[in-house]
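One letter stands for each residue in the lines below.
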Amino acid sequence: MSLNSSQAERQILAVLAHVPAGKVVSYGQLADLAGLPRRARLAGRVLRTADTRHLPWHRVVAASGQLSLVKGSAPWLEQRQRLLSEGVRFKGNPLSGNTVIMAQYQWQPDLAQLLILLDY
DNA sequence: CTGTTGACCAGTG
DNA sequence: ACACTGGCCAACA
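Worth saying up front: this structure is predicted, and the values here are computed from it rather than measured.

## A word on the overall build of chain A
Right, on to step 1. Along chain A, the regular secondary structure elements total 6 helices and 2 strands.
Right, on to step 2. Relative to its full complement of 120 residues, chain A shows a buried share of 42%.
Right, on to step 3. Restricting to contacts in chain A with at least 6 residues of sequence separation, those with at least 24 account for 58%.
Right, on to step 4. As presented, chain A carries roughly 7100 Å² of accessible surface, and 56% of it is formed by carbon and sulfur atoms.

What follows is the structure, encoded as structure tokens:
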């Protein structure tokens, strides 16, 4: 039905759909939660390739907290603006900040959320 | 078909 | 803080 074919890709997108507003996840964490350990790179590829228009794609950042899009580009500006509007704050200069304060905003899945993940 | 690239990342020095 | 390594593997040339 979708242009997004592979099983691994669907799992990653399914988990992404559950990331709550105001929180962020790293690529590696996203893959991990999808049951795909050490597949951080796949998560990155999926975010670049798949149709994420109806998913919270902007809540995925590097494990370091850095946004992985090209700094200053239109997509970068959009991601930054979306996160700011959800209350996510950045390190350093508020105008040029490129790094999310992970300790404060990284998604910590609880048991209920884990249960949701079992039925994708 | 082979070779390279990359919205990644933890480990090591 | 920074540089480099090895793992990972689908997409692309």
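From this point on, the discussion continues.
## Here's the deal with the protein's contact with DNA strand C
Right, on to step 1. Near DNA strand C, the surroundings consist of R38, R39, R41 and R45.
Right, on to step 2. Near the protein, meaning within 4 Å, the atoms of DNA strand C are sugar or phosphate in a fraction of 60%, with bases accounting for the rest.
Right, on to step 3. Between a base oxygen of DNA strand C and a side-chain N or O atom of R41, the distance comes to 3.2 Å.
Right, on to step 4. The side chain of R45 places a nitrogen or oxygen atom 2.7 Å from a sugar or linking oxygen of DNA strand C.
Right, on to step 5. Taken together, the residues of the surface near DNA strand C sort by class into no nonpolar, no polar and 4 charged.

## With respect to the nonpolar core
Right, on to step 1. Counting residues in hydrophobic clusters, the biggest one holds 22 residues, and the most contacted among them are I12, L16, L30, L36, L47 and V60.
Right, on to step 2. Every element with two or more residues in this core is listed here: α1 (7-16), α2 (27-33) and α3 (40-49).
Right, on to step 3. Among the elements that line this core, the one with the most residues is α1, at 5 residues.
Right, on to step 4. Among the nonpolar cores identified, the runner-up in size contains 10 residues, and V24, V61, F90 and M102 belong to it.

## Let's talk about the protein's contact with DNA strand B
Right, on to step 1. The local shell around DNA strand B holds 14 residues, among which Y27, R41, R45, R48 and A63 are the closest.
Right, on to step 2. Taking all atoms of DNA strand B within 4 Å of the protein, the share assigned to sugar and phosphate is 43%.
Right, on to step 3. Between Y27 and DNA strand B, the recorded distance is 2.8 Å, taken from a side-chain N or O atom to a base nitrogen.
Right, on to step 4. Take A63: an N or O atom from its main chain is 2.9 Å from a phosphate oxygen of DNA strand B.
Right, on to step 5. Take the surface near DNA strand B: its biggest share by element is 6 residues, from α3.
Right, on to step 6. Across the surface near DNA strand B, the residue classes tally to 7 nonpolar, 4 polar and 3 charged.

## Considerations on unusual backbone geometry
Right, on to step 1. One non-glycine residue, R38, lies in the positive phi region at around 65 degrees.
Right, on to step 2. For R38, the position within the fold is in the loop between α2 and α3.

## Considerations on the pattern of salt bridges
Right, on to step 1. The full count for this structure, using the stated rule, is 3 salt bridges.
Right, on to step 2. D51 is the salt-bridge partner of R53, the closest N and O atoms lying 3.0 Å from each other.
Right, on to step 3. For D51, a relative accessible area of 35% corresponds to the partly exposed category.

Calculation notes
Residues numbered from 1 in each chain as written. Chains lettered and ligands numbered in written order. Predicted model: local features only at pLDDT ≥ 70, side-chain atom pairs only at ≥ 80, totals over all residues. Heavy atoms only, no water. Helix = DSSP H or I, 4+ residues; strand = E, 2+ residues; numbered from the N terminus. Buried < 20%, exposed > 50% of the residue type's maximum accessible area, 1.4 Å probe, protein only. Contact = heavy atoms within 4.5 Å. Areas by Shrake-Rupley, 256 points an atom, 1.4 Å probe, with all protein chains shown as cover. Near = heavy atom within 4 Å. Polar contact = N/O pair within 3.5 Å; in protein donor to acceptor, adjacent residues only side chain to side chain. Nonpolar A, V, L, I, M, F, W, Y, C, P; charged D, E, K, R; others polar. Core = buried A, V, L, I, M, F, W, Y, C linked by side-chain atoms within 4.5 Å. Salt bridge = Lys/Arg side-chain N within 4 Å of Asp/Glu carboxyl O.

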